Amino acid sequence: MVHAISNERGPDPEEGCWFTPGKATSMLPLVRRIVGDLMRLHASIESQRAQLRGLANVEEISDRATYSEELRDVRASLAAEERDLQGCMAELAALGVEPHVPIDGGIDFPAKLNRRVVRLCWTPDDSEVSHWHEIGQPFSARRRLDLKVLSGESSGGRAR
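What you see is a predicted model, and the numbers here were worked out from it, not measured in a lab.

Thresholds, definitions, all that
Residues numbered from 1 in each chain as written. Predicted model: local features only at pLDDT ≥ 70, side-chain atom pairs only at ≥ 80, totals over all residues. Heavy atoms only, no water. Phe/Tyr/Trp six-rings, centres within 6.5 Å; stacked < 30°, edge-to-face > 60°. Helix = DSSP H or I, 4+ residues; strand = E, 2+ residues; numbered from the N terminus. Buried < 20%, exposed > 50% of the residue type's maximum accessible area, 1.4 Å probe, protein only. pLDDT = per-residue confidence, 0-100. Contact = heavy atoms within 4.5 Å. Salt bridge = Lys/Arg side-chain N within 4 Å of Asp/Glu carboxyl O. Pairing = 2+ DSSP bridges. Core = buried A, V, L, I, M, F, W, Y, C linked by side-chain atoms within 4.5 Å. Axes fitted to C-alpha atoms, helices over the stretch in contact; angles between N-to-C directions. Expected span 1.5 Å × (residues − 1).

1. Re the packing of aromatic side chains
Working definition: an aromatic ring pair is given by the centre-to-centre distance plus the angle between the planes.
Then, in step 1: A full pass over the atoms with the stated rule returns 1 aromatic pair.
Then, in step 2: Ring centres of Phe19 and Phe109 lie 5.2 Å apart, and the angle between their planes is 75°; this geometry places the pair in the edge-to-face category. Of this pair, Phe19 sits in the loop between β1 (17-18) and α1 (21-26) while Phe109 is found in strand β3 (residues 107-113), placing the two residues 90 residues apart along the sequence.
Then, in step 3: On the basis of relative accessible area, Phe109 is assigned to the buried category, the value being 0%.

As structure tokens, this is what we get:
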């Protein structure tokens with residue numbers, strides 16, 4: 001798992017710590033690695049949860065000592081991976097970015113666009129941060145940034 005350098009003080013949108021498309025894009029090498037870990041862990045956790053549901057539904061198997069040990073192992077592995085997943089989420093938060101929930105690999109970067117607080121957004125398929133959406137809008141509502149509007153990436157606040 002990638003470990004990001006933590007800010008003692010996380011970003012505070014109230015104080016104007018905003019990302020520009022350029023600053024957000026410059027963070028992508030680290031963000032990509034953390035998101036890769038996040039996605040791998042998420043898939044593994046979902047698989048283990050399905051395995052546990054299947055084993056729990058077969059009463060005669062789950063009562064046998066052989067399967068009890070397997071259940072313990074799966075539960076222990078699941079708990080460890082859930083902790084690691086929370087660690088990835090904390091790393092992203094320390095960088096000042098927000099993963100999409102439910103987890104789909106997408107990341108939002110707090111920003112200002114025309115004096116409005118918005119989210120720049122990136123997905124693993126994107127080569128750079130070039131889209132945005134209003135706060136609370138789904139991924140499907142994202143729009144391409146108009147670089148003319150940004151005029152030198154002036155965001156109306158302190159850039160991150």
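2. Quick look at the confidence of the model for the protein chain
Then, in step 1: Confidence in the prediction for the protein chain averages 82 pLDDT; 76% of positions are at 70 or higher.
Then, in step 2: Across residues 1-14, confidence stays below pLDDT 50; counting only partners more than four residues off in sequence or on other chains, it has 26 contacts.
Then, in step 3: This stretch, residues 151-160, has a pLDDT under 50; its non-local contacts, to residues over four places away or in other chains, come to 22 contacts.

3. Here's the deal with the pattern of salt bridges
Then, in step 1: Scanning the entire structure with this criterion turns up 6 salt bridges.
Then, in step 2: The salt bridge partner of Glu46 is Arg49, with a shortest N-O separation of 3.2 Å. Residue Glu46 and its partner Arg49 are both found in helix α2 (residues 28-56); the two are separated by 3 residues, about one turn of the helix.
Then, in step 3: In this structure Arg49 comes out as partly exposed when scored by relative accessible area, which is 33%.
Then, in step 4: Linking Arg143 and Glu134 is a salt bridge whose minimum nitrogen-to-oxygen distance equals 3.9 Å.
Then, in step 5: Judged by its relative accessible area of 36%, Arg143 is partly exposed.
Then, in step 6: Classification of Glu134 as partly exposed rests on a relative accessible area of 22%.
Then, in step 7: One network of salt bridges, in which partners are shared, links Glu46, Arg49 and Glu82.

4. Looking at the pairing of β3
Then, in step 1: Burial analysis of β3 places 6 of its 7 residues in the buried class, which makes it a mostly covered element.
Then, in step 2: As judged from the 2 bridges shared by strand β2 (residues 98-99) and β3, these two strands associate in the antiparallel manner. Counted as the bridge partner of Glu98 is Asp108 from β3.
Then, in step 3: As defined by bridge partners, β3 adjoins strand β4 (residues 116-122) across 7 bridges and the pair is classed as antiparallel. Bridging from a neighbouring strand, Ala111 pairs with Val118 of β4.

5. What about the nonpolar core?
Note that soluble globular proteins tend to have their nonpolar side chains buried in a common cluster.
Then, in step 1: Formed by 32 residues in total, the largest nonpolar core has its most connected members in Val31, Val97, Ile107, Phe109, Leu120 and Trp122.
Then, in step 2: Those elements giving two or more residues to this core turn out to be α2, α4 (65-95), β3 and β4.
Then, in step 3: No other element matches α2, which puts 9 residues into this core.
Then, in step 4: Filtering out sequence-adjacent residues up to four positions away, Trp122 remains in contact with Leu28, Val31, Arg32, Val35, Gly105, Gly106, Ile107, Phe109, Glu128, Val129 and Arg142.

6. What about the sheet that holds β4?
Then, in step 1: Strand order in the open sheet formed by 5 strands is β2-β3-β4-β5-β6, with antiparallel pairing between adjacent strands. For this open sheet the edge positions go to β2 and β6 (143-144), each flanked by a neighbour on one side alone.
Then, in step 2: Sitting on the sheet, α2 touches β2, β3 and β4, and the angle it makes with β4 is about 70°.

7. Let's talk about α2
Since one α-helical turn is 3.6 residues long, residues separated by three or four positions face the same way.
Then, in step 1: With 29 residues, α2 should cover 42 Å at 1.5 Å per step; its first-to-last C-alpha distance of 41 Å lies within 8% of that length.
Then, in step 2: Turning to α2, its buried residues number three or more, namely Leu28, Val31, Ile34, Val35, Asp37, Leu38, Leu41, Ile45, Gln48, Leu52 and Leu55.

8. Focus: the environment of Leu38
Then, in step 1: Its place among the elements puts Leu38 in helix α2.
Then, in step 2: The class of Leu38 is buried, set by a relative accessible area of 2%.
Then, in step 3: Sequence separation between Leu38 and Leu92 is 54 residues, and the spatial gap between their C-alpha atoms is 9.9 Å.
Then, in step 4: Beyond its immediate chain neighbours, meaning those up to four positions away, Leu38 contacts Leu85, Cys88, Met89, Leu92, Pro99 and Ile103.

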